[in-house]
Amino acid sequence: MPNAHTWEGREACGHADGVLPHALPGDRAVWPRDRVADFQHMKLEVRLDVPAKSLAAKATHTVTPLNDGLRHVELDGIELTIDGVTVDGKAAKYQYDGARIRVDLGKGRNRGETVEVGIAYRCTPRIGLYFIAPDEGYPDKPLQVWSQGQDEDNRHWFPCFDFPSDKLTTEMVATVPGSWFALSNGRLVSDAANADGTRTFHWSQERPHSTYLVTLAAGELTRIDASREDLVIDYFVEPDARADGERTFANTPEMIALFEKISGAPFPWAKYSQVVVRDFVFGGMENTSATTMTQNILVDEKAAKDFTSDDLVAHELAHMWWGDLLTCRDWSHGWLNESFATYLECLWDEQKHGIDEYRQGIITNTNLYLGERYRRPIVTNVFNAPVDLFDRHLYEKGSVVLHGLRGLLGDDGFFRAIQRYVRDNRERSVITHDLAVAVEAETGRNVEWYFDQWVFKPGHPCFKVSWSWDEEAKLATVSVKQTQKTDDGTPVFRAPLTIDFRTGRGKPLPFRVEVVDREHTFVFPMVAKPDLCRFDPGNFVLKEIEFEKSVGELRLQLRDDDDIAGRQQAAKALGKKGGAEAIAALESAVHSDRYWGVQAAAAKALGEIRTTAARDALLGALKVRNLKARRAVVAALGEFRGDQAVFDAIAPIARNSPSWFVESEANRSLGKLRVPGSFDAIVANVDRRSFREIVRQGCIDGLVELRDERGIDVIARCAAYGAPWQARAVATGALARLAVFHEGRKKGTGDILVELLRDPDFRVRIAASTALKTLGDASFADEVSAMASRELDGRAVRMGRENAAALRKGASMSEEVNSLRDDFEKLRDENAKLRDRLERIEARP
């Protein structure tokens with residue numbers, strides 16, 4: 001499952017200041033559940049009543065006691081109507097409290113004895129199994145039914161032991177409308193047409209898996225066959241989406257071959273299917289052998305020029321090994337599922353696109369984690385609902401920790417250890433210790449210290465680095481300080497890493513060091529003064545770093561460093577330095593760097609300088625070939641507030657570009673410019689349909705940046721039910737972001753947002769609760785709390801609780817924040833003008 005949350009905000013290095021901690025009031029330690037019996041097999045027979053959005057079903061469990069004398073067995077099941085319970089085919093007594101079914105086994109059963117428990121029931125599930133249908137707002141939506149079990153939602157549509165620690169084989173016998181196809185786990189045993197016009201599909205999953213991975217997805221779908229000789233590989237999409245489906249999933253067979261090589265294990269399941277459904281509540285879900293995907297995954301021809309869904313395809317596919325074959329014992333160790341899948345995305349990029357794309361993935365994941373609004377250990381068992389853990393720590397931070405482990409062990413040791421981990425733990429439930437044991441067994445390296453600081457403790461190191469040269473002694477001295485705060489449990493980190501030096505275009509001279517204390521001074525003998533010092537080339541240590549260097553050294557690093565992280569850091573530092581030499585180096589990088597991520601960093605840095613020369617450099621780069629780099633150029637031009645020349649250059653791009661994403665950025669930048677024509681130019685584009693409504697989203701952000709009161713009504717229209725759905729949550733949040741600048745519109749906007757707290761789309765409800773926090777009116781706290789209490793989706797519960805607490809605490813402080821923002825923008829404008837004047841003076845003969 002891809003990241004469940006989109007978090008906002010950024011904190012000071014190593015410490016969350018002025019924000020709520022991860023654990024909210026009322027959260028408690030959650031321990032793994034006891035198992036009194038081994039659930040070995042489940043046969044689920046389901047008949048869908050699509051118009052009534054309900055089902056009639058029978059679940060038959062084969063269970064074996066783990067200890068002698070077992071008299072009762074309990075199954076999870078919420079809001080079920082129980083029609084009858086049997087034990088070994090005979091009617092049995094049971095108790096049901098609406099959440100658990102306690103079945104009387106009739107007598108004490110002994111360890112190893114097999115018992116068959118059958119439960120006939122009906123239900124109209126509100127979560128777990130979703131019935132999709134057209135309505136007044138979206139009349140063209142097709143009829144579909146699909147399930148989503150992770151983390152513990154399958155209990156809402158069938159009785160089971162709903163916890164990841166137990167694995168069992170399963171069967172799904174699903175009766176659906178006659179024109180439909182129904183997909184489930186494992187191999188298709190039969191597909192039969194019935195006399196009543198329905199159709200029954202029988203699927204058998206013959207290798208054990210966890211209950212949350214049981215799936216059903218049904219509707220009018222077309223099949224795209226991509227099978228290889230020994231494995232069925234197919235994709236299911238709506239009939240009119242076939243071309244987009246072929247384009248989107250084309251690399252799946254190559255990914256499977258790569259992950260087989262990395263894991264050392266052949267694809268572990270009977271087939272690999274991917275099905276695209278409407279209104280899916282996550283990006284994707286790694287149901288065993290049958291992944292469910294959001295409609296958003298489908299890439300159109302124009303989007304494919306500078307966008308791919310390979311990251312999501314690779315993520316869910318990787319789970320077939322890390323998540324399904326090896327499954328976290330309990331959700332506190334969920335990083336063993338999600339961090340691995342996130343890291344495998346990077347390994348796919350390395351295989352397909354080269355080392356720079358791999359390293360860019362690490363940079364991106366680092367920045368996403370650093371943008372998280374709190375710090376917590378990756379492994380923690382304190383939460384309200386398991387989905388509270390599905391954040392930037394569980395996904396992105398953990399992936400960078402695995403990257404660091406690769407750096408620590410070296411490629412050979414790392415990949416051998418990963419294969420050992422898979423080999424020793426297949427079909428098992430795992431905890432972090434199992435990974436550490438596999439690493440030590442394969443390589444002899446004890447990594448308990450590594451996991452202790454990176455997985456079981458919060459935070460990351462913040463390094464302040466400097467270096468100097470002693471010409472007489474021929475010594476290079478590197479000073480390293482760890483500046484992160486440690487009052488939240490963040491440690492002083494142990495960080496083995498490389499420091500290297502280079503002179504001219506020669507080969508770098510590396511030194512291996514180990515940082516263990518708050519402060520270190522490392523001294524290195526050299527034959528001559530080096531031109532460049534690098535700290536952690538390869539970027540193997542998750543960190544924030546401040547490394548003071550001269551403009552000359554930064555120019556050299558931007559031009560010649562073979563590590564894109566170093567080149568991007570140099571670009572950022574040059575943006576802070578400013579001046580003619582910095583601008584020239586950055587302009588050259590935008591045009592000629594061999595990797596788009598460095599081009600983008602250089603463009604952003606020019607935007608930060610904000611002088612006429614920097615503007616002209618960016619205008620000259622508007623036709624840079626790489627469309628991702630071009631996006632960054634257009635975004636950077638938005639920093640030149642009030643500049644009519646920039647407006648004239650990007651307004652046509654906002655209307656028409658080879659890239660949807662460039663168009664989106666152009667509309668966002670039109671708002672940032674705040675020139676007289678900005679409003680009309682943005683509004684002219686807001687209704688243009690595009691991939692994922694990305695252009696509309698850029699227009700919405702542009703209207704917020706513009707701060708024109710008229711934008712509130714435009715954005716409200718975009719947030720309304722029936723508007724294109726991909727932009728509704730963005731519009732909902734934008735309403736508050738713009739209204740805070742218009743005191744007379746805050747109350748009316750708050751009223752709209754309160755209504756949206758009951759919207760049919762849970763994403764809009766979450767966005768509305770966050771938007772009310774942005775407005776900062778504590779009187780809305782009760783409305784947000786009420787929303788949280790109504791919610792079944794754990795993400796909405798979490799965000800509702802958090803936003804209500806923030807409102808009561810007064811954490812928004814919107815008026816003060818807006819005032820500070822205004823003051824900051826004025827200072828930036830004045831600083832840019834001063835820089836511009838200085839550069840003009842320096843340029844005089």
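Residues numbered from 1 in each chain as written. Predicted model: local features only at pLDDT ≥ 70, side-chain atom pairs only at ≥ 80, totals over all residues. Heavy atoms only, no water.

**Comments concerning the overall build of the protein chain**
Step number 1: The secondary structure content of the protein chain amounts to 25 helices and 31 strands.
Step number 2: Taken against the 2.2 N^0.38 rule, which gives 28 Å for 845 residues, the C-alpha radius of gyration of the protein chain at 28 Å falls within 12% of a compact globule.
Step number 3: Counting only C-alpha atoms and orienting by the principal axes, one finds that the protein chain spans roughly 100 × 65 × 55 Å.
Step number 4: The contacts of the protein chain with a sequence gap of at least 6 include a subset with a gap of at least 24, amounting to 70%.
Step number 5: Of the accessible surface of the protein chain, which amounts to about 33,100 Å², a share of 49% is contributed by carbon and sulfur atoms. (Helix = DSSP H or I, 4+ residues; strand = E, 2+ residues; numbered from the N terminus. Rg over C-alpha atoms; globule rule 2.2 N^0.38 Å. Contact = heavy atoms within 4.5 Å. Areas by Shrake-Rupley, 256 points an atom, 1.4 Å probe, with all protein chains shown as cover.)

**Brief notes about the pattern of salt bridges**
Step number 1: In this structure the tally under the stated criterion is 77 salt bridges.
Step number 2: Where Asp-560 meets Arg-502, a salt bridge forms, and the shortest distance between an N and an O atom there is 3.2 Å. Of this pair, Asp-560 sits in helix α9 (residues 551-560) while Arg-502 is found in strand β27 (residues 495-502), placing the two residues 58 residues apart along the sequence.
Step number 3: A relative accessible area of 16% places Asp-560 in the buried class.
Step number 4: We classify Arg-502 as buried; its relative accessible area is 11%.
Step number 5: With a shortest N-O distance of 2.9 Å, Asp-782 and Arg-808 are connected by a salt bridge. Of this pair, Asp-782 sits in helix α23 (residues 781-790) while Arg-808 is found in helix α24 (residues 794-809), placing the two residues 26 residues apart along the sequence.
Step number 6: Each of Arg-33, Glu-74, Asp-76, Arg-100, Arg-102, Glu-152, Arg-155 and Asp-162 takes part in one network of salt bridges that share partners. (Salt bridge = Lys/Arg side-chain N within 4 Å of Asp/Glu carboxyl O. Buried < 20%, exposed > 50% of the residue type's maximum accessible area, 1.4 Å probe, protein only.)

**Concerning the sheet that holds strand β25 (residues 462-470)**
Step number 1: Strand order in this open sheet of four strands is β29-β26-β25-β31, and the pairing throughout is mixed. Whereas interior strands pair on both sides, the edge strands pair on one side only; in this sheet they are β29 (519-525) and β31 (544-547). For this sheet, the mean inter-axis angle between neighbouring strands, taken without regard to orientation, is 20 degrees. (Pairing = 2+ DSSP bridges. Axes fitted to C-alpha atoms, helices over the stretch in contact; angles between N-to-C directions.)

**Looking at the sheet that holds strand β19 (residues 271-277)**
Step number 1: Strand order in the open sheet made by the five strands is β17-β18-β19-β21-β20, with mixed pairing throughout. Of all strands in the sheet, those with a lone pairing partner are β17 (222-225) and β20 (284-285), marking the two edges.
Step number 2: In the sheet, β17 pairs with strand β18 (residues 232-237) via four bridges, with the strands oriented antiparallel. Considered in β18, the bridge of Asp-225 is made with Asp-234.
Step number 3: Contacts from helix α1 (residues 242-249) reach β17, β18, β19 and β21 (290-294) within the one sheet, and its direction differs from that of β17 by about 35 degrees.
Step number 4: Of the strands in this sheet, β18 and β19 touch helix α2 (residues 252-263), which is tilted by about 135 degrees from β18.

**Focus on the packing of α9 against helix α10 (residues 564-577)**
Step number 1: Axis separation between α9 and α10 bottoms out at 8 Å; the angle between their running directions is 145 degrees. Crossing handedness for the pair α9 and α10: left-handed. Here Val-551, Leu-554, Arg-555, Gln-557 and Leu-558 of α9 lie close against α10, whose contacting residues are Gly-566, Arg-567, Ala-570, Ala-571, Ala-573, Leu-574 and Lys-577.
Step number 2: Counted by class, the contact of α9 with α10 contains seven nonpolar, two polar and three charged residues. (Left-handed = near helix turned anticlockwise from the far one by under 90°. Nonpolar A, V, L, I, M, F, W, Y, C, P; charged D, E, K, R; others polar.)

**Let's talk about unusual backbone geometry**
Step number 1: Here Gln-150 and Asp-151 are connected by a cis peptide whose omega angle stands at 5 degrees.
Step number 2: A positive phi angle, close to 55 degrees, is found at Lys-53, a residue other than glycine.
Step number 3: Tracing the chain through its elements places Lys-53 in the loop between β2 (37-49) and β3 (54-65).
Step number 4: Judged by its relative accessible area of 38%, Lys-53 falls in the partly exposed class.
Step number 5: Located in the positive-phi region is Arg-674, a residue other than glycine, with phi close to 55 degrees.
Step number 6: With respect to the helices and strands, Arg-674 occurs in the loop between α16 (660-673) and α17 (678-683).

**A look at the pairing of β3**
Step number 1: Counting buried positions over the 12 residues of β3 gives 10, a clear majority of the element.
Step number 2: Across 12 bridges, β2 lies against β3 in antiparallel orientation. Across the sheet, the residue bridging to Leu-44 is Ala-59, located in β3.
Step number 3: Count of turn residues in the β2/β3 antiparallel hairpin: four residues, of which Lys-53 carries a positive phi of about 55 degrees.

**A closer look at the nonpolar core**
Step number 1: By size, the foremost hydrophobic cluster in this structure holds 257 residues, and its most contacted members are Leu-48, Tyr-121, Trp-157, Phe-259, Trp-322, Trp-335 and Ile-499.
Step number 2: For this core, the element with the highest residue contribution is helix α6 (residues 393-425), accounting for 13 residues.
Step number 3: Each residue touching Phe-259, except ones within four places of it in the same chain, is listed here: Ala-314, Leu-317, Ala-318, Trp-321, Trp-322, Leu-344 and Trp-348. (Core = buried A, V, L, I, M, F, W, Y, C linked by side-chain atoms within 4.5 Å.)

**A few points about the environment of Val-683**
Step number 1: Positionally, Val-683 belongs in helix α17.
Step number 2: Residue class for Val-683 comes out partly exposed when judged on its relative accessible area of 28%.
Step number 3: Between the alpha carbons of Val-683 and Gly-711 there is a distance of 8.6 Å; along the sequence they are 28 residues apart.

**Brief notes about the packing of aromatic side chains**
To describe a pair of aromatic rings, you give the distance between the ring centres and the angle between the ring planes.
Step number 1: For the structure on display, the rule yields 36 aromatic pairs.
Step number 2: With a centroid separation of 4.6 Å and 35 degrees between ring planes, the pair formed by Phe-511 and Phe-524 is classed as tilted. Of this pair, Phe-511 sits in strand β28 (residues 509-515) while Phe-524 sits in strand β29, and the two are 13 residues apart along the sequence.
Step number 3: Where Tyr-595 meets Trp-596, the ring centres are 5.5 Å apart and the plane angle is 40 degrees; that geometry is what we call tilted.
Step number 4: Ring pairing ties together the aromatic residues Phe-259, Phe-267, Tyr-272, Trp-321, Trp-322, Phe-340 and Tyr-421, which thus form one cluster.
Step number 5: Over the ring of Tyr-369 we find Arg-375; its NZ or CZ atom is 4.7 Å from the centre of that ring.
Step number 6: Between Lys-549 and the ring centre of Phe-547, over which it is positioned, the NZ or CZ distance is 4.4 Å. (Phe/Tyr/Trp six-rings, centres within 6.5 Å; stacked < 30°, edge-to-face > 60°. Lys NZ or Arg CZ within 6 Å of the ring centre and 35° of its normal.)

**Observations concerning the pairing of strand β12 (residues 167-177)**
Walk down a regular strand and you will see the side chains alternate between the two sheet faces.
Step number 1: Taken across its 11 residues, β12 has 10 buried, putting it largely inside the fold.
Step number 2: As defined by bridge partners, β2 adjoins β12 across seven bridges and the pair is classed as parallel. Within the sheet, the bridge partner assigned to His-41 lies in β12 and is Thr-169.
Step number 3: The pairing of β12 with strand β15 (residues 198-210) spans 10 bridges and is antiparallel. If you follow Thr-170 over to β15, its bridge partner there is Gln-205.

**Some words on helix α4 (residues 335-353)**
Step number 1: Here α4 is 19 residues long and its end C-alpha atoms lie 26 Å apart, about the 27 Å a rise of 1.5 Å per residue gives.
Step number 2: Summarising burial for α4: 15 of the 19 residues are buried, a large majority.
Step number 3: Positive phi shows up at Gly-354, right after α4, with a value of about 105 degrees. (Expected span 1.5 Å × (residues − 1).)

**Thoughts on α2**
Step number 1: Helix length check: α2 (12 residues) gives 16 Å between terminal C-alpha atoms against 16 Å at 1.5 Å per residue, within 8%.
Step number 2: Of the positions making up α2, those classed as buried are Thr-252, Met-255, Ile-256, Leu-258, Phe-259, Glu-260, Ile-262 and Ser-263.
Step number 3: At its buried positions, α2 is contacted by β18, α1, β19, α3 (310-318), α4 and α6.
Step number 4: Phi turns positive, to about 75 degrees, at Gly-264, one or two residues after α2.

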